[in-house]
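The primary structure of each chain is shown beneath.
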Amino acid sequence: MTTDLVISVAEELSAGDLEQVRATLSNVAPVLVDGLKAHKAEQVQNLVRILVGAAAPKAMDLRRARMNVEAIKAIYRGTDWLTATEVGVSLGQFAGSTPVNPAATVNRWRRSGEIFAVRYEGKNRYPRYAFGADWRPVPAIRMVLKLFPRIDPWRLAAWFESSSSYLGGKKPREIIQQGGDQEVITAAQDCHVQMLR
């Protein structure tokens, strides 16, 4: 319909008028195109501002992220973190055997709530302090896991790595390594009560 109108108007114009319309359009067209481009660019910028503004990290988020990274470093520096295979091989060596699947026993212990693991570099890693000299789970870990069954493993690892006033400023993992399972269980029970308040 628009094309028909343009053809009909063009047929009615004289050659001079038609040339003048062409000249005017050739001057106006670039201005219109530039205007549309500028409008589109402004719309894109507004959309980006809206999306990024909502997603832009705030100073507090960045500070919290830095603190989390430092906490993870501290957790990892506090003890050896072993794969299930490494623990299983050590268990086998202690028992004087070579297990066919060294990770199987360790994974079963994790699934049954006797030990916990954190996910790091694509693998479950187990804290050395969760195992006694015989490479079997220490009882305190199982009891703490019963008190905090749904806790994130990293938070649990952070609790074991944090100084506790209940333990005289020592870390729960240090007390476990000294054979103080009952002290750690009592500290965890106190922490559990505090969280319920």
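Above this text is the structure in question.
Residues numbered from 1 in each chain as written. Predicted model: local features only at pLDDT ≥ 70, side-chain atom pairs only at ≥ 80, totals over all residues. Heavy atoms only, no water.

1. Brief notes about the pattern of salt bridges
Tallied over the full model, the rule gives five salt bridges. In this structure, Arg 125 engages Glu 121 in a salt bridge whose closest nitrogen and oxygen atoms are separated by 3.7 Å. Judged by its relative accessible area of 62%, Glu 121 is exposed. With its nearest N and O atoms 2.7 Å apart, the salt bridge here joins Arg 173 to Glu 161. Taken together, the residues Arg 173 in helix 8 (residues 172-177) and Glu 161 in helix 7 (residues 153-161) connect sequence positions twelve residues apart. When sorted by exposure, Arg 173 lands in the same class as Glu 161, which is buried. Within this structure, Glu 161, Lys 171 and Arg 173 form a network of salt bridges that share partners. (Salt bridge = Lys/Arg side-chain N within 4 Å of Asp/Glu carboxyl O. Buried < 20%, exposed > 50% of the residue type's maximum accessible area, 1.4 Å probe, protein only. Helix = DSSP H or I, 4+ residues; strand = E, 2+ residues; numbered from the N terminus.)

2. Observations regarding the packing of helix 4 (residues 84-95) against helix 5 (residues 102-111)
For the pair helix 4 and helix 5, the least separation of the axes is 7 Å and the interaxial angle reads 110°. When the interaxial angle is binned, helix 4 and helix 5 end up roughly perpendicular. Contacts from Ala 84, Thr 85, Val 87, Gly 88, Val 89 and Leu 91 of helix 4 reach helix 5 at Pro 102, Ala 103, Thr 105, Val 106, Asn 107 and Trp 109. Of the residues contributing to the contact of helix 4 with helix 5, the split by class is eight nonpolar, four polar and no charged. (Axes fitted to C-alpha atoms, helices over the stretch in contact; angles between N-to-C directions. Parallel < 35°, antiparallel > 145°, perpendicular 65-115°, else oblique. Contact = heavy atoms within 4.5 Å. Nonpolar A, V, L, I, M, F, W, Y, C, P; charged D, E, K, R; others polar.)

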